[in-house]
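# A structural walkthrough
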Amino acid sequence: MRNAAIQHVEAKYLRQDVTSFRPGDSVRVFWKVKEGEKERVQAFEGTVIRKTSGSHRATFTVRKMSFGVGVERIFPLHSPRYEKIEVLSRGRVNRSRLFYLRDLKGKAARVDVQEEADTTQGKGAKA
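Residues numbered from 1 in each chain as written. Predicted model: local features only at pLDDT ≥ 70, side-chain atom pairs only at ≥ 80, totals over all residues. Heavy atoms only, no water.

## Comments concerning the packing of aromatic side chains
To be explicit about the condition: Here a pair means two rings of Phe, Tyr or Trp (six-membered ring of Trp) with centres within 6.5 Å. Their orientation is stacked below 30 degrees between planes, edge-to-face above 60, and tilted elsewhere. Here a strand is any run of E in DSSP of at least two residues, a helix any run of H or I of at least four, and the numbering for each starts at the N terminus. Throughout this description, buried means an accessible area under 20% of the type-specific maximum (1.4 Å probe, protein chains only), exposed means over 50%, and partly exposed covers the range between.
Overall, the coordinates contain 5 aromatic pairs when judged by the stated rule. The interplanar angle of 70° and the centroid separation of 4.9 Å between the aromatic rings of Phe21 and Phe60 together place this pair among those described as edge-to-face. Highlighted residues: Phe21 in the loop between helix 1 (2-11) and strand 1 (26-35) and Phe60 in strand 3 (residues 59-66), separated in sequence by 39 residues. On the basis of relative accessibility, which here comes to 0%, the residue Phe60 falls in the buried class. Between Trp31 and Phe75, the ring centres sit 5.2 Å apart and the planes meet at 55°, which makes this aromatic pair tilted. Taken as a pair, Trp31 in strand 1 and Phe75 in strand 4 (residues 69-76) lie far apart in primary sequence, 44 residues in all. Summarising the burial analysis for this pair, Trp31 and Phe75 share the class buried.

Structure (structure tokens):
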């Protein structure tokens, strides 16, 4: 009984506009930053290296290189603090935790880009 009551309350706070993305994707997260009285939006762009599940507790970790230093940030998936998540490119990876990227530098740290299927041409159409 208690579990059903908690799920009912938590369901009100789940975001409905969550963008679909996976580990390996390059994303840009527009996070609301409060500075004194004002609030502005700051973009954080990088590669998703981890995504955890769990209804309202779901999080994802984004890693980027800033002036030669690796920076990772954990974002709550259902937080009201971000405006939107843009998926810049889809990555092709074989695992869900990409912690091995922490040890790689330069071109070795890149993730292969998954090519989008061209859906504009019909079946049997010549290119």
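The structure having been displayed, the exposition proceeds.
## A closer look at the layout of surface pockets
The test is simple: Using only the protein atoms, space was sampled on a 1 Å grid; points where a 1.4 Å probe fits but cannot get out form cavities, open sets with protein on both sides within 12 Å along at least five of seven lines form pockets, and lining residues are those with an atom within 4 Å of a point. Grid points are joined across faces, edges and corners, and a volume is the space filled by probe spheres set on the points.
Empty space within the largest pocket amounts to approximately 190 Å³. Lining the largest pocket we find Thr47, Ile49, Arg63, Lys64, Met65, Leu101, Leu104, Lys105, Gly106, Ala109 and Val111. Every element with two or more residues in the lining of the largest pocket is listed here: strand 2 (38-51) and strand 3.

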